[in-house]
Amino acid sequence: MAVQRITSRNARFQQLQTLLGNRTKRGRAREFLVQGVRPISMAVEHGWAVRSLLYDAARPLSRWAEDLLRTAGAERVAMAPELLAELSEKADGAAEVIAVVEMPPDDLARIAAHDAFLGLVFDRPTQPGNIGSIVRSADAFGADGLIVTGHAADPYDPKSVRASTGSFFALPVVRTPSHHEVMDWVAGQRAQGCPIAVVGTDEHGDAEVSAFDLTQPVLLLIGNETAGLSTAWRDNCDHLLRIPMTGSASSLNASNAASVILYEAHRQRLSHPRTA
């Protein structure tokens, strides 16, 4: 495959630049930028479509980068160092390689329900870094997927992808406009014999997380960082749980709260595995 070259701020460079900060254009192009050895390796390992690989035309490449360029089957783009540095958003120079990766469809069918299902909904998050952090915890504790609902930060924002440290490519992340699409999906799974419990989190919840059976199929709801769960989501909860706390804090950061509950679900499932 022939190597493309970018040595000036031409139209192609400007298009790549918009993928960093322009959500609308990312969505239209159906692609986003990924950097770092682990995230790019995870994307390739999990079968994501890598459209292009950008690298420094004047810099000797590591063996990892050379192998990636040789085997990924993506367009190769050699760039002027200063242009690659602009796309890298790093304080200490340019990334060795930046991948342009295709977005998968926002299809709830990507999330598989089963007898030990554990999924999450993040309701109207405002911080992309929190999305990435929750993805990382969800992957670590064996969740099946994350659904981001409502008018929310973009999971494909570079801050989200970086915060996930590669887990973004191992865990399905699906966006939906509202709770309606999710509850229709839940109803469909229940009709097929998977009794998913919709479980919200709130400081005034009816029960503590450790007292609730999280070994059953569960969809955990995490609310907006400031306002918590919307009224619509509260109305669709089967249960509301709280995390017991002492001290002056009344609540946890959304990603911290998600990690606590995910850990508790994982702990229960290790201690009391369900049998078929």
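Use the structure listed above.
Residues numbered from 1 in each chain as written. Predicted model: local features only at pLDDT ≥ 70, side-chain atom pairs only at ≥ 80, totals over all residues. Heavy atoms only, no water.

> Can you help me understand the overall build of the chain in this one?
Within the chain, the secondary structure is distributed over 10 helices and 12 strands. At 21 Å, the chain has a C-alpha radius of gyration in line with the 19 Å of a compact globule built from 276 residues. Along the three orthogonal principal directions, the C-alpha set of the chain runs to about 60 × 45 × 30 Å. Per-residue burial for the chain yields a buried fraction of 50% across its 276 residues. Across the chain, the fraction of contacts at a sequence separation of at least 24, relative to all contacts at a separation of at least 6, is 76%. Carbon together with sulfur atoms contributes 49% to the accessible area of the chain, which is approximately 12,800 Å² in total. (Helix = DSSP H or I, 4+ residues; strand = E, 2+ residues; numbered from the N terminus. Rg over C-alpha atoms; globule rule 2.2 N^0.38 Å. Buried < 20%, exposed > 50% of the residue type's maximum accessible area, 1.4 Å probe, protein only. Contact = heavy atoms within 4.5 Å. Areas by Shrake-Rupley, 256 points an atom, 1.4 Å probe, with all protein chains shown as cover.)

> What's the story with unusual backbone geometry in this structure? I'm lost.
Trans peptide bonds make up the majority, and among non-glycine residues the majority have a negative phi. One non-glycine residue, R30, adopts positive backbone phi at about 55°. Assignment of secondary structure puts R30 in the loop between α2 (23-29) and β2 (31-35). A relative accessible area of 28% means that R30 is categorised as partly exposed. Unlike most non-glycine residues, R124 shows phi in positive territory, near 50°. Its location among the elements puts R124 in the loop between β6 (118-123) and α6 (128-140).

> Looking at this structure, I do not really get the sheet that holds strand β1 (residues 3-6). What am I missing?
The strands that make up a sheet are held in pairs by hydrogen bonds between backbone atoms, and each pair lies either parallel or antiparallel. If you walk across this open sheet you meet the 5 strands as β1-β4-β3-β5-β2, and the pairing is mixed. If you trace the sheet from one side to the other, it starts and ends with β1 and β2, each paired once. Within this sheet the neighbouring strands show an average axis-to-axis angle of 25°, counted without direction. Across 5 bridges, the pairing between strand β3 (residues 50-56) and strand β5 (residues 97-102) is antiparallel. Its bridge partner being in β5, Y55 is matched across the sheet by V97. (Pairing = 2+ DSSP bridges. Axes fitted to C-alpha atoms, helices over the stretch in contact; angles between N-to-C directions.)

> Any chance you could explain the sheet that holds strand β12 (residues 239-242) here in plain terms?
Taken in spatial order, the 7 strands line up as β8-β7-β6-β11-β9-β12-β10 in an open sheet, and their pairing is parallel. Looking along the sheet, the strands with just one partner apiece sit at the ends: β8 (173-176) and β10 (207-208). Across 5 bridges, β6 lies against strand β7 (residues 145-149) in parallel orientation. The residue bridging G119 from the neighbouring strand is G145, located in β7. Helix-sheet contacts for helix α10 (residues 254-271) involve β6, β9 (197-201) and β11 (218-222), and the interaxial angle to β6 is about 165°.

> Help me understand the nonpolar core, please; the structure alone is not making it clear to me.
For soluble globular proteins, the rule of thumb is that nonpolar side chains tend to be buried together. Core analysis: the largest hydrophobic core is formed by 53 residues, its most contacted members being F32, L120, L146, F169 and L220. Of all the elements, α10 adds the most residues to this core, at 6 residues. (Core = buried A, V, L, I, M, F, W, Y, C linked by side-chain atoms within 4.5 Å.)

> Honestly, the packing of helix α1 (residues 11-21) against helix α5 (residues 81-88) in this entry has me stumped. Any pointers?
Helix-helix packing is characterised by the crossing angle of the two axes and by the distance between the axes. Interaxial distance between α1 and α5 falls to 9 Å at its minimum, and their mutual angle equals 20°. The angle between α1 and α5 places the two elements in the roughly parallel class. Taken together, the residues of α5 that come into contact with α1 (itself represented by F13, L16, Q17 and L20) are L83, E86 and L87. Classifying every residue of the contact of α1 with α5 by side-chain character gives 5 nonpolar, 1 polar and 1 charged. (Parallel < 35°, antiparallel > 145°, perpendicular 65-115°, else oblique. Nonpolar A, V, L, I, M, F, W, Y, C, P; charged D, E, K, R; others polar.)

> Honestly, helix α3 (residues 37-45) in this entry has me stumped. Any pointers?
Residue pairs spaced three or four apart in an α-helix point in one direction, given the helix's 3.6 residues per turn. Among all positions in α3, only P39, I40, M42 and A43 are buried. Here the buried residues of α3 occupy an arc of 160° about the axis, which is enough to place them on one side. At its buried positions, α3 is contacted by β2, α4 (63-71) and β5. Phi for G47, located one or two positions after α3, is positive at around 80°. (Arc of directions from axis to C-beta.)

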